[in-house]
Amino acid sequence: MNRARFLTVVLACASVVALSACGGEDPSPVTLPSPSATASATTAAPSVAPSSAAAADPAADKKLCESAKKIADDSRSAVVKAATSGADPTPALKKAYADMAKGMAATAATGASGSEVTAALTAFGTEAGKVATAADMTTAADSPAFQQAGTKANAACKKVGVDLNF
């Protein structure tokens, strides 16, 4: 019975990863600049306006994404280790999601407040925390909110050259 539940959880996690990897990219929503950014863009030279809507520092965003990728890779390793241990994987899966949530929150806290990457990683960390504390982790991991947060984080990091593969 535990083995069947374990396989369900592992397959759900694998499905989420596979779907995010090969599901194609959804068009990312257009992010409107804040009123203050719009005001500064209209007073600045026309050549500066497009960059003011972009992330404040692409190099910093890339570092955030690289940190997020390491957190995701570590979580995947923990899930695989739990899956192959033969024991009940639920505690290890809860810990992996909880660690991912904490890691994403800590990583996002170091980012710029107006950054698309910071917002996406914050949202993903929040959703990972919800999965970690859910009574049914499989259903929580399959939730549209979790999947959408992963898609947005993937898209934001892909713009700076890092493939998260959430």
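In what follows, the structure referred to is the one given above.
Each residue is numbered by its place in its chain's sequence as written, counting from 1. With pLDDT at 70 or above as the cut-off, local features in this predicted model cover only qualifying residues; side-chain atom pairs require 80 or more to be listed or tallied, and sums for whole chains, interfaces and linings still use all residues. Side-chain figures throughout are based on the complete set of non-hydrogen atoms in the structure, without hydrogens or water.

Undergrad: Got a minute to help me understand the overall build of the protein in this structure?
TA: Each helix corresponds to a stretch of at least 4 residues labelled H or I by DSSP, and each strand to a stretch of at least 2 residues labelled E; elements are numbered beginning at the N terminus. Looking only at helices and strands, one finds eight helices and zero strands in the protein. Along the protein, helices and strands appear, N-terminal first, in the series α-α-α-α-α-α-α-α. Within the protein, the fraction of its 166 residues that count as buried is 33%. In what follows, residue pairs with any heavy atoms lying within 4.5 Å of each other are defined as contacts. By sequence separation, contacts in the protein at least 24 residues apart represent 73% of the contacts at least 6 residues apart. Relative accessibility under 20% of the residue-type maximum defines a buried residue, over 50% an exposed one, and the middle range a partly exposed one, all with a 1.4 Å probe and only protein chains included.

Undergrad: Is there a simple way to think about the state of the cysteines in this case?
TA: Such a bond, covalent and formed between the sulfur atoms of two cysteines, is termed a disulfide. Disulfides are defined as pairs of cysteine sulfur atoms found within 2.5 Å of each other. Here the structure, examined in full by the defined rule, presents one disulfide. Two residues, Cys-65 and Cys-157, share a disulfide whose sulfurs are 1.9 Å apart. One disulfide, between Cys-65 and Cys-157, carries an S-S torsion of -85 degrees and so falls in the left-handed class. In this pair, Cys-65 is assigned in helix H4 (residues 58-84) and Cys-157 in helix H8 (residues 144-159), connecting sequence segments 92 residues apart.

Undergrad: Got a minute to help me understand H4 in this structure?
TA: Between the first and last C-alpha of H4 there are 39 Å, a value that for 27 residues agrees with the 39 Å anticipated at 1.5 Å per step. When H4 is considered as a whole, its buried residues turn out to be Asp-61, Leu-64, Cys-65, Ala-68, Ile-71, Ala-72, Ser-75, Val-79, Ala-82 and Ala-83. Backbone geometry just after H4 places Gly-86 at a positive phi near 90 degrees. Helix span, as expected, comes to 1.5 Å for every residue beyond the first.

Undergrad: I tried to follow the pattern of salt bridges on my own but got confused; where do I start?
TA: Two side chains that carry opposite charge are able to pair once their charged atoms sit near each other. Note on definitions: salt bridges are taken to be side-chain nitrogens of Lys or Arg within 4 Å of carboxyl oxygens of Asp or Glu. Tallied over the full model, the rule gives five salt bridges. As a salt-bridge pair, Asp-74 and Lys-70 come within 3.0 Å of each other at their nearest N and O atoms. Of this pair, Asp-74 and Lys-70 both sit in helix H4, four residues apart, which is roughly one turn of the helix. Taking relative accessible area as the criterion, Lys-70 reaches 52% and is therefore assigned exposed. A salt bridge links Glu-116 to Lys-159; its shortest N-O distance comes to 3.1 Å. Of this pair, Glu-116 sits in helix H6 (residues 116-133) while Lys-159 sits in helix H8; the two residues are 43 residues apart in sequence, bridging distant segments of the chain. On the basis of relative accessible area, Lys-159 is assigned to the exposed category, the value being 54%.

Undergrad: Looking at this model, I keep getting lost on the nonpolar core. Mind explaining?
TA: Across soluble globular proteins, nonpolar side chains have a tendency to be buried as a group. Nonpolar cores are built from buried Ala, Val, Leu, Ile, Met, Phe, Trp, Tyr and Cys residues. Side-chain atoms within 4.5 Å join them into one set. In this structure, Met-104, Leu-121, Phe-124 and Leu-164 are the most contacted members of the largest nonpolar core, which totals 33 residues. Contributing elements (two or more residues each) for this core: H4, helix H5 (90-109), H6, helix H7 (137-141) and H8.

Undergrad: It is not clear to me how the environment of Val-79 should be interpreted in this structure. Could you clarify?
TA: Residue position: Val-79 is located in helix H4. Under the relative-accessibility criterion, Val-79 is labelled buried at 15%. Considered as a pair, Val-79 and Tyr-97 are 18 residues apart in the sequence and their alpha carbons are 9.2 Å apart. Not counting residues up to four positions away in its chain, the partners in contact with Val-79 are Leu-93 and Ala-96.

Undergrad: Is there a simple way to think about unusual backbone geometry in this case?
TA: Negative phi values dominate among residues other than glycine, just as trans dominates among peptide bonds. A positive phi angle, near 60 degrees, is found at Asn-165, a position not held by glycine. Here Asn-165 is to be found in the segment after H8. Assessed through its relative accessible area of 24%, Asn-165 is described here as partly exposed.

Undergrad: In this structure, what is going on with the packing of H5 against H6? I would like to understand it.
TA: Each pair of packed helices gets described by two things: the angle between the helix axes and the distance between those axes. The axes used here are C-alpha line fits, helices contributing only the stretch in contact, and every angle between their N-to-C directions lies in the interval 0 to 180 degrees. Interhelical geometry of H5 versus H6 gives an angle of 155 degrees and a closest axis separation of 8 Å. Between H5 and H6, the angle is such that the two are roughly antiparallel. Taken as a pair, H5 and H6 cross one another with a handedness that is left-handed. Of the residues in H6, those touching H5 at Lys-94, Tyr-97, Ala-98, Met-100, Ala-101, Met-104, Thr-107 and Ala-108 are Thr-118, Leu-121, Thr-122, Phe-124, Gly-125, Ala-128, Gly-129, Val-131, Ala-132 and Thr-133. Note that Gly is not counted as nonpolar here; it falls among the polar residues with everything else outside the nonpolar set of Ala, Val, Leu, Ile, Met, Phe, Trp, Tyr, Cys and Pro and the charged set of Asp, Glu, Lys and Arg. Tallied by class, the residues present in the contact of H5 with H6 amount to 11 nonpolar, six polar and one charged. Our angle categories are set so that under 35 degrees counts as roughly parallel, over 145 as roughly antiparallel, 65 to 115 as roughly perpendicular, and the remainder as oblique. In this scheme the handedness of a crossing depends on how the near helix is turned from the far one: anticlockwise by less than a right angle means left-handed, clockwise means right-handed.

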